Amino acid sequence: MNLHRRAGTLSDGVDPVLLTVEAAGWSYAGLRVLRLGAAEARAVHTGEYEAFVLPLAGSCTVRVDGLEFVLNGRDSVFTRVTDFAYVPRDAEVELSTVDGVEVALPMARCGNRLAPRYGPAEQVPVEVRGAGPATRQVTSFGVPGIWDHADKLNACELITPDGNWSSYPPHKHDEASECEVVNEEIYYFRIAGRDGITTSGEGFGMHRTYTADGALEENVIVRDGDVFLVPRGYHGPCIAAPGYPMYYLNVLAGPAPERSMAFCDDPAHTWVRDSWAGQPTDPRCPVTDHEGRCR
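Residues numbered from 1 in each chain as written. Predicted model: local features only at pLDDT ≥ 70, side-chain atom pairs only at ≥ 80, totals over all residues. Heavy atoms only, no water.

Student: Can you lay out the overall build of the protein chain for me, pointing to particular residues and giving the numbers?
Tutor: Check the secondary structure of the protein chain and you find two helices and 22 strands. A principal-axis box enclosing the C-alpha atoms of the protein chain has dimensions of 50 × 40 × 35 Å. Taking the contacts inside the protein chain whose residues are at least 6 apart along the sequence as the reference set, 74% of them involve residues at least 24 apart. Of the side chains in the protein chain, 26 bear a positive and 41 a negative charge, and the two mean positions are spaced by 3 Å. (Helix = DSSP H or I, 4+ residues; strand = E, 2+ residues; numbered from the N terminus. Contact = heavy atoms within 4.5 Å. Lys, Arg positive; Asp, Glu negative; His and termini not counted. Charge placed at Lys NZ, Arg CZ, Asp CG, Glu CD.)

What follows is the structure, given as structure tokens:
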């Protein structure tokens, strides 16, 4: 399985990313990223997938099952928290925009059809995790306990200030155990350029995924628009190069009867969590809030 999919390699010729479970080589998690120009509308059939509609840049209107949701988006993933919507499987969804939009559809193959629902930005928790150079922001818009209206789909956003580490300590969720459940996971990266706001191919970061037995060892440079698939093993850290803040959208789904994002740390590195108690958090976090930039 090719785990690192570079920007452009998952394009369908129109949109930046079309990643089905077949294209990923697994069973549950998927991702689409669509671009609509000014005054454009697009019909999307969800098929066997439930999905979130998550504006990355711009705003849009979602029409599904006779309902209409106006999503107040953002200039960039580095500027504010966005409204979003949940859309069910077997749905005809119309996306439209006035000024243009880039929108992500994190997806999960599922069996149950739920009703569409609107998620206002003001109700999305923004959390600062870690400390020191491992400080990062987690925006938990689609996780269990915060958003329970989904069958299989879990999703959240992370922003790592330039020079910091996130997804650390390394962790895994590839077996059913006391501390973890089985989830396939997608990382979708956006990297800011020199202004810290506008996404750009100029910058880069790094990502690591590995297994304890050494059978899997991936240490890759990631750039704006790249996708990394985690079918198994420990993953982390994600490192933002100095000068280039890193965003990633995490999409998780798996066979467990109830949604969960439970994981186990790599026991060799879990001690790092205890060290954070004596360190201040990076004052650049949170990077965004519900109104605009915090810094």
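From this point, things continue past the structure.
Student: Go over the state of the cysteines with me, naming the residues and quoting the values.
Tutor: Throughout the structure, instances matching the rule amount to one disulfide. The disulfide bridge from cysteine 179 ends at cysteine 264, spanning 1.5 Å between sulfur atoms. Negative torsions about the S-S bond denote left-handed disulfides, and the value of about 85° found for cysteine 179 with cysteine 264 makes this one right-handed. Placement of the pair is cysteine 179 in the loop between strand S15 (171–172) and strand S16 (184–191) and cysteine 264 in strand S22 (residues 264–265), with a sequence separation of 85 residues. For cysteine 264, a relative accessible area of 10% puts it in the buried group. (Disulfide = S-S within 2.5 Å. Buried < 20%, exposed > 50% of the residue type's maximum accessible area, 1.4 Å probe, protein only.)

Student: Explain the side chain of asparagine 154 to me, using residue names and the numbers behind them.
Tutor: With respect to the helices and strands, the residue asparagine 154 is situated in strand S13 (residues 154–160). Here the side chain of asparagine 154 touches arginine 259 through a polar contact of 3.4 Å, side chain to side chain. Ignoring sequence-local partners within four residues, the contact set of asparagine 154 consists of Gly142, Pro144, Asn183, Asn250, Val251, Leu252, Ala253, Arg259, Ser260 and Met261. (Polar contact = N/O pair within 3.5 Å; in protein donor to acceptor, adjacent residues only side chain to side chain.)

Student: Break down the sheet that holds strand S11 (residues 126–129) for me, with residues and values.
Tutor: Spatial strand order, S1-S19-S16-S21-S13-S12-S11: seven strands in an open sheet with antiparallel pairing. Edge strands, defined here as strands with exactly one partner in the open sheet, are strand S1 (4–5) and S11. Relative to strand S19 (residues 227–230), S1 runs antiparallel, the two being bridged by two bridges. When the bridges of S19 are listed, histidine 4 appears paired with phenylalanine 228. (Pairing = 2+ DSSP bridges.)

Student: Tell me about empty space enclosed by the protein, and please be specific about residues and values.
Tutor: According to the stated counting rule, one finds two cavities of 30 Å³ or more in the structure shown. Roughly 50 Å³ of volume is contained in the largest cavity. Classifying every residue of the lining of the largest cavity gives four nonpolar, four polar and four charged. By volume, the second largest cavity amounts to about 30 Å³. Every residue along the wall of the second largest cavity is listed here: Arg74, Val77, Arg80, Val81, Gln137, Thr139, Glu157, Ile159, Tyr247 and Thr288. At the level of elements, strand S12 (136–142) and S13 are the ones that each hand at least two residues to the lining of the second largest cavity. (1 Å grid on protein atoms, 1.4 Å probe; cavity = no way out; pocket = protein on both sides within 12 Å on 5 of 7 lines; lining within 4 Å. Points joined across faces, edges and corners; volume = space filled by probe spheres on them. Nonpolar A, V, L, I, M, F, W, Y, C, P; charged D, E, K, R; others polar.)

Student: So what's going on with the pairing of S16? Which residues, and what values?
Tutor: The element S16 is extensively covered by neighbouring structure, given that eight of its eight residues are classed as buried. Both faces of S16 are covered, namely the face carrying Glu184, Ile186, Tyr188 and Arg190 and the face carrying Glu185, Tyr187, Phe189 and Ile191. Note that S16 and strand S21 (residues 246–253) share eight bridges and pair antiparallel. Residue pairing in the sheet places glutamate 185 in a bridge with leucine 252 of S21. With four bridges joining them, S16 and S19 adopt antiparallel strand pairing.

Student: Before we move on, could you go through the environment of tryptophan 271 and cite the residues and values that matter?
Tutor: Relative to the elements of secondary structure, tryptophan 271 occurs in the loop between S22 and helix H2 (272–275). Between the C-alpha atom of tryptophan 271 and that of alanine 150, which follows or precedes it by 121 residues, the distance is 34 Å. Within the structure, tryptophan 271 has its side chain in polar contact with the backbone oxygen of alanine 268 (distance 3.5 Å).

Student: Any chance you could break down the packing of aromatic side chains for me, citing the residues and the numbers?
Tutor: Summed over all chains, the structure comprises 14 aromatic pairs. Each ring, one from phenylalanine 52 and one from phenylalanine 141, has its centre 5.4 Å from the other, and the planes form 70°; the classification is edge-to-face. Of this pair, phenylalanine 52 sits in strand S5 (residues 49–64) while phenylalanine 141 sits in strand S12, and the two are 89 residues apart along the sequence. The class for phenylalanine 141 is buried, based on a relative accessible area of 3%. On the numbers, 5.5 Å between centres and 80° between planes, the contact of tryptophan 165 with tyrosine 168 is edge-to-face. One aromatic cluster is present, built from ring pairs that chain together Phe52, Phe84, Tyr86, Phe141 and Trp147. The ring centre of tyrosine 234 lies 6.0 Å from the NZ or CZ of lysine 172, which sits over that ring. Directly above the aromatic system of tyrosine 210 lies the positively charged group of arginine 208, at a separation of 3.9 Å from the ring centroid. (Phe/Tyr/Trp six-rings, centres within 6.5 Å; stacked < 30°, edge-to-face > 60°. Lys NZ or Arg CZ within 6 Å of the ring centre and 35° of its normal.)

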